[in-house]
Amino acid sequence: MIICTGCGKKNEDDSRFCEQCGRKLQSSMRAAPSTEGASPFLSPFSPQGPSGESRLALGRMIEAWAYVLALTGAAAACAWYDVWWPLYPAVGVIGLAAWLRKV
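This structure is a prediction, so every number in the text was calculated from the model and none was measured. (Residues numbered from 1 in each chain as written. Predicted model: local features only at pLDDT ≥ 70, side-chain atom pairs only at ≥ 80, totals over all residues. Heavy atoms only, no water.)

Trainee: Even after reading the chapter, I still don't get the environment of Asp14, so can you show me in this structure?
Mentor: Checked against the element boundaries, Asp14 lands in the loop between β2 (10-11) and α1 (52-81). For the pair Asp14 and Leu25, spaced 11 residues apart in sequence, the C-alpha separation works out to 9.9 Å. (Helix = DSSP H or I, 4+ residues; strand = E, 2+ residues; numbered from the N terminus.)

Structure below.
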C-alpha cells in the first residue's frame, strides 16, 4: 500500500495517482502528519524525547560541525607551520566526505 502524502489515503501499490485527491504518489515518502488543531509554535520535540527525524537532523548537524572543526584544525596547523599546501587536499577530503554523507 502507498499512502498519499497529501491526504493520507491508502492506495494500491501499482497506483501512480491518489484515488481521492489525484496527487502523484511517491512510495518512499510517508504521509504528512495531521495538523488539525495543532499550534504552529509547538516544539519539534515530543515530551518523551526527540523523534527519529529530529535525532537524524541533530546527528547531521553534529557531523557538519565536526567537519568544520576538522577543517579549522587543519587550517590552524597550516598557519602554525606556515606550510599551506596540505590545506588543499584537506578541503577536498572533507568536502568529499560531507558530500558522500549528504551533510
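Trainee: For this particular structure, what's the right way to read the environment of Lys24?
Mentor: If you trace the backbone, Lys24 turns up in the loop between β2 and α1. Given a relative accessible area of 51%, Lys24 falls into the exposed group. Between the alpha carbons of Lys24 and Cys4 there is a distance of 8.0 Å; along the sequence they are 20 residues apart. Apart from the residues within four sequence positions on either side, Lys24 is in contact with Arg16 and Phe17. (Buried < 20%, exposed > 50% of the residue type's maximum accessible area, 1.4 Å probe, protein only. Contact = heavy atoms within 4.5 Å.)

Trainee: I tried to follow the side chain of Asn11 on my own but got confused; where do I start?
Mentor: Counting through the fold element by element, Asn11 comes out in strand β2. The buried category is assigned to Asn11, whose relative accessible area is 0%. In terms of polar contacts, Asn11 uses its side chain to reach the backbone amide nitrogen of Glu19, at 3.0 Å. Here Asn11 is in contact with Met1, Ile2, Cys4, Phe17, Cys18, Glu19 and Leu25, once residues within four sequence places are set aside. (Polar contact = N/O pair within 3.5 Å; in protein donor to acceptor, adjacent residues only side chain to side chain.)

Trainee: It is not clear to me how helix α2 (residues 87-100) should be interpreted in this structure. Could you clarify?
Mentor: Side chains that are three or four residues apart share a direction in an α-helix, a result of its 3.6 residues per turn. Compared with the 20 Å implied by 1.5 Å per residue over 14 residues, the 20 Å span of α2 between its first and last C-alpha is a close match. Every buried residue belonging to α2 is among Leu87, Ala90, Ile94 and Ala98, and all of these are buried. When α2 is viewed along its axis, its buried side chains cluster within an angular range of 60° and face the same direction. What points out from α2, more than 90 degrees from its buried face, is the exposed set Tyr88, Val93, Trp99 and Leu100. Following α2 by one or two positions, Lys102 adopts a phi angle in the positive range, close to 55°. (Expected span 1.5 Å × (residues − 1). Arc of directions from axis to C-beta.)

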